[in-house]
Amino acid sequence: MKARIVEILQYTLKKESGEAFHQVMREISVPLHVRNGIDVVAYGNSLHDADSYYLIRAFESEEQMKSVLDDFYASADWREGPREAIINRIETSLKAVLMLSGRAVEGMRG
């Protein structure tokens, strides 16, 4: 399996917003990602704290990641869709980008 670029986003959410955040992710944001060709590997509330959250996405290359995400975040579907419900619940956000083997990416899928 070919190596993939993996983006790991970690959010600290506003107090007691984890359940509502996950509902927006599950019902609106992740399906929107998928419709836009973004490979969502895994997402969800952290086991240690319901107000901590992770989103893991995989891409073919850094260039493809930039292009696809630029298009996604500029789209009306995002801006007029789940953007506010997501942004308004995030206190802090951390991002890491790394290269992993295809096998490692498949192993992380929920």
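Attention here is on the structure that accompanies the text.

Cut-offs and rules
- Residues numbered from 1 in each chain as written.
- Predicted model: local features only at pLDDT ≥ 70, side-chain atom pairs only at ≥ 80, totals over all residues.
- Heavy atoms only, no water.
- Helix = DSSP H or I, 4+ residues; strand = E, 2+ residues; numbered from the N terminus.
- Pairing = 2+ DSSP bridges.
- Axes fitted to C-alpha atoms, helices over the stretch in contact; angles between N-to-C directions.
- Contact = heavy atoms within 4.5 Å.

Turning to unusual backbone geometry, a few remarks are in order. Located in the positive-phi region is Glu-16, a residue other than glycine, with phi close to 65°. For Glu-16, the location among the structural elements is in the loop between strand S1 (4-13) and helix H1 (18-35).

Another aspect to go through is the sheet that holds S1. In any sheet, the strands associate via hydrogen bonds between backbone groups, in a parallel or an antiparallel arrangement. Across the sheet, four strands lie side by side as S2-S3-S1-S4; this open sheet has antiparallel pairing. The open sheet has two edge strands with one neighbour each: strand S2 (39-45) and strand S4 (90-100). Averaged over neighbouring strand pairs, the angle between their axes works out to 15° when direction is ignored. Relative to S4, S1 runs antiparallel, the two sharing ten bridges. Across the sheet, the residue bridging to Ile-8 is Ala-96, located in S4. The sheet strands contacting H1 are S1, S2, strand S3 (52-59) and S4, and the helix crosses S2 at an angle near 170°. Strands S1, S3 and S4 of the sheet are contacted by helix H2 (residues 62-74), whose axis makes an angle of about 120° with S3.

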